[in-house]
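Each chain is listed here by its residues.
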Amino acid sequence: MEDEISSFWGPVTSSTDWCEPNYVYSSYIAEFFNTIGNIPGILLALIGLVNALRQRFEKRFSVLHLSNIILAMGGMLFHATLQRLQQQGDETPMVWEMLLYIYILYSPDWHYRSTMPTFLFLYGAIFAVVHSQIRFGIGFKVHYAVLCLLCIPRMYKYYIYTEDISAKRLAKLYVITLFLASLCWLCDRVYCKKISGWYINPQGHALWHVLMGFNSYYANTFLMFCRAHQRQWNPKVKHLMGLFPYVKIEKPKAQ
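Fair warning: this is a prediction, and the values are worked out from it, not measured in the lab.

Conventions and cut-offs
- Residues numbered from 1 in each chain as written.
- Predicted model: local features only at pLDDT ≥ 70, side-chain atom pairs only at ≥ 80, totals over all residues.
- Heavy atoms only, no water.
- Disulfide = S-S within 2.5 Å.
- Helix = DSSP H or I, 4+ residues; strand = E, 2+ residues; numbered from the N terminus.
- Buried < 20%, exposed > 50% of the residue type's maximum accessible area, 1.4 Å probe, protein only.
- Axes fitted to C-alpha atoms, helices over the stretch in contact; angles between N-to-C directions.
- Parallel < 35°, antiparallel > 145°, perpendicular 65-115°, else oblique.
- Left-handed = near helix turned anticlockwise from the far one by under 90°.
- Contact = heavy atoms within 4.5 Å.
- Nonpolar A, V, L, I, M, F, W, Y, C, P; charged D, E, K, R; others polar.
- 1 Å grid on protein atoms, 1.4 Å probe; cavity = no way out; pocket = protein on both sides within 12 Å on 5 of 7 lines; lining within 4 Å.
- Points joined across faces, edges and corners; volume = space filled by probe spheres on them.
- Core = buried A, V, L, I, M, F, W, Y, C linked by side-chain atoms within 4.5 Å.
- UniProt positions renumbered as here; feature names shortened; annotations may be inferred.
- pLDDT = per-residue confidence, 0-100.
- Phe/Tyr/Trp six-rings, centres within 6.5 Å; stacked < 30°, edge-to-face > 60°.
- Lys NZ or Arg CZ within 6 Å of the ring centre and 35° of its normal.

**Overview of the state of the cysteines**
For step 1, the next point in the chain: If you walk through the whole model with that rule in mind, you get 1 disulfide.
For step 2, the next point in the chain: Linked covalently through their sulfurs, Cys-19 and Cys-192 form a disulfide whose S-S length is 2.3 Å. In this structure the cystine formed by Cys-19 and Cys-192 twists about its S-S bond by roughly 100 degrees; its chirality is therefore right-handed. With a gap of 173 residues between them, Cys-19 in the segment before α1 (32–36) and Cys-192 in helix α8 (residues 192–196) connect regions that are remote in the sequence. Cys-192 matches Cys-19 in its accessibility class, with the two residues each being buried.
For step 3, the next point in the chain: Of all cysteine sulfurs in the structure, the one in Cys-184 sits closest to Cys-187, which takes part in no disulfide; the separation is 7.0 Å.

Okay, here's the thing in structure tokens:
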């Protein structure tokens, strides 16, 4: 929906305009709640990044947490402006992040080690160029869903081979937050007209961003545990301030 309200960014040029009314709280922010809904994801990714750097995890995990931050910032810019360029700045990092997850999940057992990162890099670069010229619409959503589905078999394999109860709980929280986030996203899209008539709008898409911030954090922490276990770093799940799980490792002195 495009509201007849003065805005700093001008008319909506993105291919998607969400259920939240535009420019209600500020002429500089098109969708206020959808914009600030990305903040928890940034803060959680910062926690993960600090832990990865402090304990000297492999660089792939620092890059993964950074990609979460970039994705959340892209989401903030997109929902704040509802412009086509900012939409691409949100959607392209979504694909790049999934390619990074595929690399982290499958690379430990990939025998031709140089081929996977080369292929994924070229795939991401080509997608970025094509996406800058073409609006995919529903095609983008299908493409993104396929990339997500490619990760599920390996995540399930890691889950069934993980014996640590705390680590298994991370995987369960990953599934729960993904389900709840998807439900919020779907309801916001399908029942927008009905929800807009309620006295209080539950802001389903903003909740999607909040839950996906937690979802990414749980996924990253679980993968860090699994990788540390592969490297025999004696990983343990601890909690920051009793709330936020993180992985504590003990590397052998030779490493």
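**What about the packing of helix α2 (residues 39–54) against helix α3 (residues 59–81)?**
For step 1, the next point in the chain: Two elements in contact, α2 and α3, have axes separated by 8 Å at closest approach and are oriented at 165 degrees. One finds that α2 runs roughly antiparallel with respect to α3. Between α2 and α3 lies a crossing whose hand is left-handed. Between α2 and α3, the residues in contact are Ile-39, Ile-42, Ala-45, Leu-46, Gly-48, Leu-49, Ala-52 and Leu-53 and Phe-61, Ser-62, His-65, Leu-66, Asn-68, Ile-69, Ala-72, Met-73 and Met-76, respectively.
For step 2, the next point in the chain: Looking at the contact of α2 with α3, its residues break down into 13 nonpolar, 4 polar and no charged.

**Looking at the layout of surface pockets**
For step 1, the next point in the chain: Considered as a void within the structure, the largest pocket measures approximately 1100 Å³ in volume.
For step 2, the next point in the chain: For the lining of the largest pocket, the secondary-structure elements that each account for two or more residues are α2, α3, α4 (84–106), α6 (138–161), α7 (165–190) and α9 (204–230).
For step 3, the next point in the chain: When residues of the lining of the largest pocket are assigned to their parent elements, the largest contribution, 11 residues, is made by α9.
For step 4, the next point in the chain: Its residues assigned to classes, the lining of the largest pocket shows 26 nonpolar, 15 polar and 4 charged.
For step 5, the next point in the chain: Considering only enclosed or pocket space, the second largest pocket measures out at about 250 Å³ in volume.
For step 6, the next point in the chain: Along its surface, the second largest pocket is lined by Trp-96, Leu-99, Leu-100, Tyr-103, Pro-117, Leu-120, Phe-121, Gly-124 and Ala-125.
For step 7, the next point in the chain: Counting only elements with at least two residues in the lining of the second largest pocket, the list comes to α4 and α5 (115–133).
For step 8, the next point in the chain: When residues of the lining of the second largest pocket are assigned to their parent elements, the largest contribution, 5 residues, is made by α5.

**Let's talk about the nonpolar core**
For step 1, the next point in the chain: Grouped together as the largest cluster of nonpolar side chains are 41 residues, with contacts concentrated most on Phe-57, Phe-61, Tyr-101, Phe-222 and Leu-223.
For step 2, the next point in the chain: Elements with a contribution of two residues or more to this core: α2, α3, α4, α5, α6, α7 and α9.
For step 3, the next point in the chain: Once residues lying within four places of it in the same chain are set aside, the contact partners of Phe-222 are Met-155, Tyr-158, Tyr-159, Thr-162, Ala-167, Leu-170 and Ala-171.
For step 4, the next point in the chain: Grouped together as the second largest cluster of nonpolar side chains are 6 residues, Val-12, Trp-18, Tyr-23 and Ala-30 included.

**Section: the UniProt feature "transmembrane region" (unreviewed entry) in the protein**
For step 1, the next point in the chain: UniProt feature "transmembrane region" (unreviewed entry): in the numbering of this structure it lies at residues 32–51, 63–82, 119–136, 173–191 and 206–226.
For step 2, the next point in the chain: From the first C-alpha to the last, residues 63–82 spans 27 Å; its make-up is 95% helix and 0% strand.
For step 3, the next point in the chain: Secondary structure across residues 119–136 divides into 83% helix and 0% strand, with the first and last C-alpha atoms of the span separated by 22 Å.

**Section: the confidence of the model for the protein**
For step 1, the next point in the chain: Looking at the protein as a whole, its pLDDT mean stands at 91, while 96% of the residues score no less than 70.
For step 2, the next point in the chain: Model confidence for the protein, summarised as mean pLDDT per element, is weakest for α8 at 88 and strongest for α2 at 97.

**A short note on the packing of aromatic side chains**
For step 1, the next point in the chain: Taken as a whole and assessed by the stated rule, the structure comprises 13 aromatic pairs.
For step 2, the next point in the chain: Here the aromatic rings of Tyr-25 and Phe-33 are separated by 5.5 Å at their centres, their planes lie at 90 degrees, and the arrangement is edge-to-face.
For step 3, the next point in the chain: Ring centres of Phe-140 and Tyr-144 lie 6.3 Å apart, and the angle between their planes is 15 degrees; on these two criteria the pair is classed as stacked. Of the two residues, Phe-140 and Tyr-144 both sit in helix α6, 4 residues apart, roughly one turn of that helix.
For step 4, the next point in the chain: Looking at Phe-140, the relative accessible area reads 5%, which means it is buried.
For step 5, the next point in the chain: Each residue in the set Phe-8, Trp-9 and Tyr-28 is aromatic and connected to the rest through ring pairs, giving one cluster.
For step 6, the next point in the chain: We note Arg-154 situated over the ring of Tyr-158; from NZ or CZ to the ring centre the distance is 5.9 Å.

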